[in-house]
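Spelled out from the first residue to the last, the chains are:
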Amino acid sequence: MPEQHISDYEDVTVYTLEDDDELEMLDLQNELTFMWANKEGWPVGVIMSYVFHDGRFWLTASKQRARISAVRRDPRVSVCVTSAGTSMRAGRTVTYKGRCTIHEDDREVKEWYYRALAQKLYGGDPERADYFEKFLDSPRRVVLEITPTDRIGYDGRKMGEATREAFAAYQKEQG
């Protein structure tokens, strides 16, 4: 519940995402938008599956993808996760800036991550999870580890509540 009455949407930083809601969303969601800068400096992003573990985001791609050479040039990346499509009410989002490490030849990391992603996506179907995990283990596949440095969280529920309260106050003033 906002502590101040709003009159416009100039400052939406007061509608921050609470830590417990953020952790629930990161656990429930299985896709994020991964963003980097291409050779010309343009921001580019794709939707990717992920695992959030020990405060870091873990993704995978084949190393011939343009995003891999871009991260090798500049490890500064961003990820954005929303509550859309989860059992949480839509309108929550968090964006992280971070640094990306590419794990190319670390068998232990690959085996851990492939299993973790398969369980996240297909945990209710062990046979399908095992099959998916085997498909991930391809010769050119790398694992991306994103260590967040900054975050921007937003909870649209808070903004909606503040708007309803402001409208109720307006109606009361109008008589």
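Structure: see above.
Rules behind the numbers
- Residues numbered from 1 in each chain as written.
- Predicted model: local features only at pLDDT ≥ 70, side-chain atom pairs only at ≥ 80, totals over all residues.
- Heavy atoms only, no water.
- Patch = residues over 30% accessible without salt bridge, like charges linked within 9 Å, V, L, I, M, F, W, Y side chains within 5 Å.
- Areas by Shrake-Rupley, 256 points an atom, 1.4 Å probe, with all protein chains shown as cover.
- Salt bridge = Lys/Arg side-chain N within 4 Å of Asp/Glu carboxyl O.
- Lys, Arg positive; Asp, Glu negative; His and termini not counted.
- Charge placed at Lys NZ, Arg CZ, Asp CG, Glu CD.
- Helix = DSSP H or I, 4+ residues; strand = E, 2+ residues; numbered from the N terminus.
- Pairing = 2+ DSSP bridges.
- Axes fitted to C-alpha atoms, helices over the stretch in contact; angles between N-to-C directions.
- Contact = heavy atoms within 4.5 Å.
- Polar contact = N/O pair within 3.5 Å; in protein donor to acceptor, adjacent residues only side chain to side chain.

A. Structural view of a negative patch on the surface. A surface patch of like charges, here negative, comprises Asp19, Asp20, Glu24 and Asp27. Mapped onto the secondary structure, Asp27 falls in helix α1 (residues 19-28).

B. Expanded view of the sheet that holds strand β4 (residues 56-62). Pairing within the open sheet is antiparallel, and its seven strands lie in the order β2-β1-β5-β6-β7-β4-β3. A single partner strand is all that each edge strand has here, and the edge strands are β2 (43-49) and β3 (51-53). Strand-to-strand twist across the sheet, computed as the mean angle between neighbouring axes with direction ignored, equals 35°. Pairing geometry for β3 and β4, over three bridges, is antiparallel. Across the sheet, the residue bridging to His53 is Arg56, located in β4. Where helix α2 (residues 66-73) meets the sheet, its contacts fall on β1 (31-37), β2, β4, β5 (76-82), β6 (92-103) and β7 (141-155), and the angle it forms with β1 comes to roughly 55°.

C. Here's a closer look at the pairing of β6. Pairing analysis gives seven bridges linking β5 to β6, with the strands arranged antiparallel. If you follow Val79 over to β6, its bridge partner there is Tyr96. In terms of strand pairing, β6 meets β7 through twelve bridges, oriented antiparallel. Following the sheet pairing, Cys100 is matched in β7 by Ile146.

D. Broad picture of unusual backbone geometry. Phi is positive for Asp54, which is not a glycine, with a value near 55°. Position of Asp54 among the secondary structure elements: in the loop between β3 and β4.

E. Seen up close, the side chain of Thr93. By the element assignment, Thr93 lies in strand β6. At a separation of 3.1 Å, a polar atom in the side chain of Thr93 contacts the main-chain carbonyl oxygen of Val81. If near-sequence neighbours (up to four positions away) are discounted, Thr93 is found in contact with Leu17, Met25, Cys80, Val81, Thr82, Ile152, Gly153 and Tyr154.

Limitation: the analysis is restricted to geometry and does not speak to function.
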